[in-house]
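# Overview (structure and organization)
If you want the building blocks of each chain, they are given just below.
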Amino acid sequence: MRIGLIGTGRIGSFHAGVLARHPAVDTLVVTDTDGARAAAVAARTGAAVAGSVAEVLRAGVDAVVIASATSAHAELIATAARAGLPAFCEKPIALDPAGTLSALHEVERAGSVLQLGFMRRFDAGYAAARTAVRGGALGRLHTLRAVTSDPAPPPAAYLPHSGGLFRDCLVHDFDILRWVTGREVVEVYATGSDAGPAMFRAAGDVDTAAALLTLDDATLATATATRCNGAGYDVRMELAGELGQIAVGLDERTPLTSVEPQGPAAPAKPWPGFLERFAPAYEAELDAFVRVVRGEQANPCDGREALHALRIAEACELSRREHRPVAVAEIPAG
């Protein structure tokens, strides 16, 4: 199999290594707007280098993996669809519902495949939580708490193009909440704080946010995120039901210290970032994509899943701005 990789930044470089090692991938062709960066990744992985996206498509690839800048995702998805190529794309498709729907319509018109990169669906802990919830091990689920905390802010130049904390960061929590519970979010009430570094205020963004989410079965969920968690990278989910309570992301590397006399001490090696924490999940999602392309399994995360998560993020951003509860139904679905 020949795979084209578009984008060789931090996540694209990681994907290149995974694809180059995959036993079903014979040839990897990489491209990037930064030609030197693409060449460096190719030299490390044994991939071929293409000078442009068009050159990748002319190389006879069987599928493409899109890891470019967010602003290019929608057009690249459409380009792959028009070429009849299955595509894997990092989230998001676009930063608004209109752009997302436009790309999805291209995919649907072409009858092609689009798999979205919500890697938490491939994490062992979240998968176990899904099994527990859907199998009834917790009884009626009444409370869910999701946490995403980055150890340090991104570069200031990234913020104006990120879509904001709800769309860029918490969208992962919104997706995994739906995937684990099998329920839909019907209403949100969200707020945020820009009391941290001044670059967030300059970008009209917040460095910390919290949302209260009501699910369609009346389960209550909270989702919080921050860009300023100096203790380390912390991604967890707690699920409480009438029969039991479980946690995802609680292990010896969780950057959380108990102050109880008999409680666990600070972790010796806290998670430093998302690539380290979710490396196995990233590998698993690309393996799934290869299997989808080969016709060995169904698409585990199609583009409509990204639209569902984005609508929740949009509702939260609207709630933050207008200081009111927002029904997800207020956000266009198609």
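- Looking at an unreviewed UniProt entry, one finds the protein chain named Gfo/Idh/MocA family oxidoreductase, with Streptomyces sp. 900116325 as its source organism.

## Examining the sheet that holds strand S6 (residues 114-117)
- Within the open sheet, the 6 strands sit side by side as S3-S2-S1-S4-S5-S6. Their pairing is parallel. Strands at the two margins of the open sheet, each flanked by one partner only, are strand S3 (48-49) and S6.
- Strands in contact with helix H2 (residues 35-45) are strand S2 (27-31) and S3; relative to S2, the strand with the most contacts, it is inclined by about 160°.

## What about the packing of helix H6 (residues 124-134) against helix H7 (residues 165-181)?
- For the pair H6 and H7, interaxial distance at closest approach is 8 Å and the crossing angle is 45°. Between H6 and H7, the angle is such that the two are oblique. Every residue of H7 that contacts H6 at Tyr 126, Ala 127, Ala 129, Arg 130, Val 133 and Arg 134 is listed here: Ile 176, Arg 178, Trp 179, Val 180 and Thr 181.
- Its residues assigned to classes, the contact of H6 with H7 comprises 7 nonpolar, 1 polar and 3 charged.

## Quick look at the packing of aromatic side chains
- Enumeration according to the criterion identifies 4 aromatic pairs in this entry.
- Taking 5.9 Å as the distance between ring centres and 55° as the angle between the ring planes, the aromatic pair formed by Phe 88 and Phe 289 counts as tilted. A residue pair is termed long-range when its members are at least 10 positions apart, and Phe 88 in strand S5 (residues 87-90) and Phe 289 in helix H10 (residues 279-293) qualify at 201 residues. Considered together, Phe 88 and Phe 289 belong to a single accessibility category, that of buried residues.
- Positioned above the aromatic ring of Trp 179 is the side chain of Arg 130, whose terminal nitrogen or guanidinium carbon lies 4.5 Å from the ring centre.
- If you follow Arg 253 out to its NZ or CZ, it ends over the ring of Trp 271, 4.0 Å from the centre.

## Notes on a nonpolar patch on the surface
- On the surface, a nonpolar cluster with roughly 260 Å² of combined accessible area is contributed by Tyr 189, Leu 212 and Leu 220.
- Locating Leu 220 in the fold gives a position in strand S10 (residues 220-226).
- Here Leu 220 falls in the partly exposed class, since its relative accessible area comes to 41%.

## Looking at the pattern of salt bridges
- Under the counting rule described, the total for this entry stands at 28 salt bridges.
- In this structure, Glu 314 engages Arg 167 in a salt bridge whose closest nitrogen and oxygen atoms are separated by 2.6 Å. One end of the pair, Glu 314, is in helix H11 (residues 303-322); the other, Arg 167, is in helix H7, and 147 residues separate them in sequence.
- For Arg 167, a relative accessible area of 16% translates into the label buried.

## With respect to the sheet that holds strand S7 (residues 141-149)
- The strand order across the open sheet built from 7 strands is S12-S11-S7-S10-S9-S8-S13, with neighbouring strands paired in mixed fashion. If you trace the sheet from one side to the other, it starts and ends with strand S12 (245-248) and strand S13 (326-327), each paired once.
- Against the sheet, H7 touches S7, strand S8 (185-193), strand S9 (208-215), S10 and strand S11 (234-241), its axis set at about 30° to S9.

## A closer look at the side chain of Thr 8
- Counting through the fold element by element, Thr 8 comes out in the loop between strand S1 (2-6) and helix H1 (10-21).
- Assessed through its relative accessible area of 2%, Thr 8 is described here as buried.
- Residues in contact with Thr 8, not counting those within four places in the same chain, are Ser 13, Val 30, Thr 31, Asp 32, Arg 37, Ala 38 and Val 41.

## Comments concerning the packing of H1 against H2
- Running from amino to carboxyl end, H1 crosses H2 at an angle of 30°, the nearest separation of the two axes being 10 Å. Between H1 and H2, the crossing angle belongs to the class labelled roughly parallel. When you trace H1 past H2, the crossing you get is right-handed. Along its contact with H1, which presents Ser 13, Ala 16, Gly 17 and Ala 20, the element H2 presents Val 41, Arg 44 and Thr 45.
- Of the residues belonging to the contact of H1 with H2, the class tally is 3 nonpolar, 3 polar and 1 charged.

## Digging into the nonpolar core
- Grouped together as the largest cluster of nonpolar side chains are 68 residues, with contacts concentrated most on Tyr 126, Phe 166, Phe 174, Val 180, Val 188, Leu 213 and Leu 239.
- Considering each element in turn, this core owes the most residues, 9 residues, to H7.
- Beyond its immediate chain neighbours, meaning those up to four positions away, Phe 174 contacts Phe 166, Leu 213, Ala 223, Ala 309, Ile 312, Ala 313 and Cys 316.

## A word on unusual backbone geometry
- Looking along the chain, the bond that leaves Lys 91 and enters Pro 92 is cis, with omega of -5°.
- With respect to the secondary-structure elements, Pro 92 resides in the loop between S5 and helix H5 (97-110).
- Phi is positive for Ala 218, close to 80°, though the residue is something other than glycine.
- For Ala 218, the position within the fold is in the loop between S9 and S10.
- Residue classification places Ala 218 among the exposed residues on the basis of a relative accessible area of 56%.
- The backbone of His 323 sits at a positive phi, close to 55°, despite the residue not being glycine.
- Among the structural elements, His 323 can be located in the loop between H11 and S13.
- Residue classification places His 323 among the exposed residues on the basis of a relative accessible area of 61%.

The rules we used
- Residues numbered from 1 in each chain as written.
- Predicted model: local features only at pLDDT ≥ 70, side-chain atom pairs only at ≥ 80, totals over all residues.
- Heavy atoms only, no water.
- Pairing = 2+ DSSP bridges.
- Helix = DSSP H or I, 4+ residues; strand = E, 2+ residues; numbered from the N terminus.
- Contact = heavy atoms within 4.5 Å.
- Axes fitted to C-alpha atoms, helices over the stretch in contact; angles between N-to-C directions.
- Parallel < 35°, antiparallel > 145°, perpendicular 65-115°, else oblique.
- Nonpolar A, V, L, I, M, F, W, Y, C, P; charged D, E, K, R; others polar.
- Phe/Tyr/Trp six-rings, centres within 6.5 Å; stacked < 30°, edge-to-face > 60°.
- Buried < 20%, exposed > 50% of the residue type's maximum accessible area, 1.4 Å probe, protein only.
- Lys NZ or Arg CZ within 6 Å of the ring centre and 35° of its normal.
- Patch = residues over 30% accessible without salt bridge, like charges linked within 9 Å, V, L, I, M, F, W, Y side chains within 5 Å.
- Areas by Shrake-Rupley, 256 points an atom, 1.4 Å probe, with all protein chains shown as cover.
- Salt bridge = Lys/Arg side-chain N within 4 Å of Asp/Glu carboxyl O.
- Left-handed = near helix turned anticlockwise from the far one by under 90°.
- Core = buried A, V, L, I, M, F, W, Y, C linked by side-chain atoms within 4.5 Å.

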